[in-house]
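What the coordinates show
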Amino acid sequence: MTEQDLYEQMKKFPKVDLHRHLEGSILPETFIDITRTYGGTLPADEVEALRPLIQMVHDQPGFHSFLNKFKVFRCFYPCREAIEEIAYRAVREAAEDAVKYLELRYSPTHFACGNRFSEQDVVLWIQRAIGRSSKDFGIIVTPIATISRDYGVALAEQTVNMISRLAPGYFYGLDLAGDEINNAAQPFSRVFTMAKNSGLKLSIHAGEAGGEANIYEAVEQFHAERIGHGIRAADDEALMEMLRRRNILLEICLTSNLQTGVVADIKHHPIKRLVTFGVPVSLNTDDPAISGITLTDEYIKAVQELNFTVEDFKKLNSDALNHAFYPDKDWLKKKLGCLWD
């Protein structure tokens, strides 16, 4: 099979993405379009000048180098229309990549820009844009709320309190993201309890840049249903056995793991070991604009570097649907499961 044939096969293959950040889905072209239409300040006013500032282009791999890309556009968003345009395009771009089910996570705090907007207004705007785009492009989208270790517990509590007052349908899960190295999850324990009491399922970034102890903590203490990344589980057979027994899915992101430096060589990525052991995993993009990739690119990488097959992708997507946070999972599997028969 030629590279073009492989690209075309993977491009049209129906996909599920459970781990995609809206903040990391904003292309340089979108940022420039926003500034020209609605205003806003960026450190460059041309696409190719902006690209290396917000995308891992020439950077040495590193966890903090990757996270620092977000600082470039923190508090950038000039108005409601800009935020809605960003959300609309992110869903459209996923649909154009044959993503049929997307869980799009975002931080209301990030888009509120230090109280420039209220977090509740941000949620209403993004929900409206997601609804329009999902209808326009035939994709099912489930919003997940992100709280960040970097913003602190007080803001996280404020966000979850706001979510608990919303009508059902705005969020179906809560995600803890941010700097796992310098900011522990333990201080957010009360926030996780608040989220659970509000009916939100829980995904926690753990065992990415931190060790396997963070995965044990996320599952045993905080009762996370899924783990963001979780690649360090492959270093601990007892942990892999626990994840398999409890049916906890790991949201794996190949290129992101390379760019953050948590995996040195794609050929030695632990996803194969995890799959062989029987740990449920899904293949995702994480921050496609920061990484400069699509989910098609990740599938191609998995084929070329890790010898994944179409049958492997069918299994990954089936596992992803089984672990989706969508409220009516039976309907979802009936709607989409036939795509991989």
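Above this text is the structure in question.
Just so it is clear, the model here is predicted, and its values are computed rather than measured.

Looking at the environment of Gln9
Turning to its location among the elements, Gln9 is positioned in helix H1 (residues 3-12). Take Gln9: its relative accessible area is 27%, and that puts it in the partly exposed class. In sequence terms Gln9 and His323 are 314 residues apart; their C-alpha atoms lie 25 Å from each other.

Points about the state of the cysteines
Per the counting criterion, the structure on display carries zero disulfides. Cysteine Cys113 shares no disulfide, and the gap to the nearest cysteine sulfur, in Cys75, comes to 4.8 Å. Under the relative-accessibility criterion, Cys113 is labelled buried at 6%.

Considering the pairing of strand S6 (residues 226-229)
For a regular strand, the rule is simple: side chains alternate between the two faces of the sheet. With four bridges connecting them, strand S5 (residues 201-206) and S6 associate as parallel partners. Its bridge partner lying in S6, Ala206 is registered against His229. Handedness of the crossover joining S5 and S6 through helix H10 (residues 212-221): right-handed. With three bridges connecting them, S6 and strand S7 (residues 249-252) associate as parallel partners.

Observations concerning helix H15 (residues 295-306)
The first and last C-alpha atoms of H15 sit 15 Å apart over twelve residues, in line with the 16 Å expected at 1.5 Å per residue. For H15, the complete set of buried residues consists of Leu295, Thr296, Glu298, Tyr299, Ile300, Ala302 and Leu306. The distance from a side-chain oxygen at the start of H15 to the backbone nitrogen of Thr296 is 3.3 Å, and the residue carrying that oxygen is Thr294.

Reading guide: rules and limits
- Residues numbered from 1 in each chain as written.
- Predicted model: local features only at pLDDT ≥ 70, side-chain atom pairs only at ≥ 80, totals over all residues.
- Heavy atoms only, no water.
- Helix = DSSP H or I, 4+ residues; strand = E, 2+ residues; numbered from the N terminus.
- Buried < 20%, exposed > 50% of the residue type's maximum accessible area, 1.4 Å probe, protein only.
- Disulfide = S-S within 2.5 Å.
- Pairing = 2+ DSSP bridges.
- Right-handed = clockwise from strand over helix to strand, strands pointing away.
- Expected span 1.5 Å × (residues − 1).
- Polar contact = N/O pair within 3.5 Å; in protein donor to acceptor, adjacent residues only side chain to side chain.

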